[in-house]
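# Geometric and topological summary
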Amino acid sequence: SFHTKLLFFLRSSHDAYILDQWTAKSVNVLFEDCPIRLTSQGMPRPDTTGRDYAWFCEAVEVLGNTLQISGEKAEQAIFDRPKGSLVGCQRLRQI
């Protein structure tokens with residue numbers, strides 16, 4: 001997740017999103033065909049590929065377009081809360 005945070009904060013265009021344990025769990029809940037696999041600790045697996053990350057960024061854009069908000073706002077919406085709460089995801093799934 002550190003590297004995706006660098007991409008997000010250092011790029012002038014905000015089209016690279018943060019893939020961390022919270023957003024990875026969220027896209028796994030929201031998308032049946034999600035290629036982002038998780039470790040037993042709930043983190044994105046170390047073998048996550050660039051293609052997987054590109055899929056993730058596109059999924060965030062799709063969510064943003066569906067909700068008529070920016071990708072950045074969509075990414076913020078899928079951050080999960082600690083201790084396993086999926087409040088944000090469950091709200092998005094109802095849309």
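Preceding block: the structure.
None of the values given here were measured: they were computed from a predicted structure. (Residues numbered from 1 in each chain as written. Predicted model: local features only at pLDDT ≥ 70, side-chain atom pairs only at ≥ 80, totals over all residues. Heavy atoms only, no water.)

## Considering the overall build of the protein
- Across its full length, the protein carries 5 helices and 0 strands.
- Starting at the N terminus and walking to the C terminus, you meet the elements of the protein as α-α-α-α-α.
- The 95 residues of the protein split such that 35% are buried.
- Within the protein, contacts between residues at least 6 apart in sequence are counted, and of these 47% link residues at least 24 apart.
- Surface accessibility of the protein: about 6,000 Å² in total, with carbon and sulfur atoms responsible for 52%. (Helix = DSSP H or I, 4+ residues; strand = E, 2+ residues; numbered from the N terminus. Buried < 20%, exposed > 50% of the residue type's maximum accessible area, 1.4 Å probe, protein only. Contact = heavy atoms within 4.5 Å. Areas by Shrake-Rupley, 256 points an atom, 1.4 Å probe, with all protein chains shown as cover.)

## A look at the nonpolar core
- Formed by 17 residues in total, the largest nonpolar core has its most connected members in Val27, Phe31, Ile36, Phe56 and Ile78.
- Breaking this core down by element, the ones donating at least two residues are α2 (21–30) and α3 (50–67).
- Per-element accounting of this core gives the leading share, 6 residues, to α3.
- If near-sequence neighbours (up to four positions away) are discounted, Phe31 is found in contact with Trp55, Ala59 and Leu63. (Core = buried A, V, L, I, M, F, W, Y, C linked by side-chain atoms within 4.5 Å.)

## Quick look at the pattern of salt bridges
- Taken as a whole, this structure holds 2 salt bridges when the rule is applied.
- The closest approach of N and O atoms between Arg37 and Asp47, which form a salt bridge, is 2.8 Å. In this pair, Arg37 sits in the loop between α2 and α3 while Asp47 sits in the loop between α2 and α3, placing the two residues 10 residues apart along the sequence.
- Within this structure, Arg37, Arg45 and Asp47 form a network of salt bridges that share partners. (Salt bridge = Lys/Arg side-chain N within 4 Å of Asp/Glu carboxyl O.)

## A few points about α3
- Between its terminal C-alpha atoms α3 stretches 26 Å, which fits the 26 Å expected from 18 residues at 1.5 Å a residue.
- Turning to α3, its buried residues number three or more, namely Asp52, Tyr53, Phe56, Cys57, Ala59, Val60, Leu63 and Gly64. Looking down the long axis of α3, one finds its buried residues gathered within 155° of arc, a one-sided arrangement. Facing away from the buried side of α3 by more than 90 degrees, the exposed set consists of Gly50, Arg51, Glu58, Asn65 and Thr66.
- Immediately beyond the C-terminal end of α3, within one or two residues, lies Gln68, with a positive phi of roughly 60°. (Expected span 1.5 Å × (residues − 1). Arc of directions from axis to C-beta.)

## What to know about the environment of Glu75
- Of note, Glu75 is situated in helix α4 (residues 71–77).
- Through-space distance from the C-alpha of Glu75 to that of Tyr17 is 6.9 Å; in sequence the pair is 58 residues apart.

## Structural notes on α2
- Of the residues making up α2, those classed as buried are Thr23, Ala24, Ser26, Val27 and Leu30. Projected onto a plane normal to the axis of α2, the buried residues spread over an arc of 160° and lie on a single side.
- Capping the start of α2, Asp20 holds a side-chain oxygen 3.1 Å from the backbone nitrogen of Trp22, two or three residues further along. (Polar contact = N/O pair within 3.5 Å; in protein donor to acceptor, adjacent residues only side chain to side chain.)

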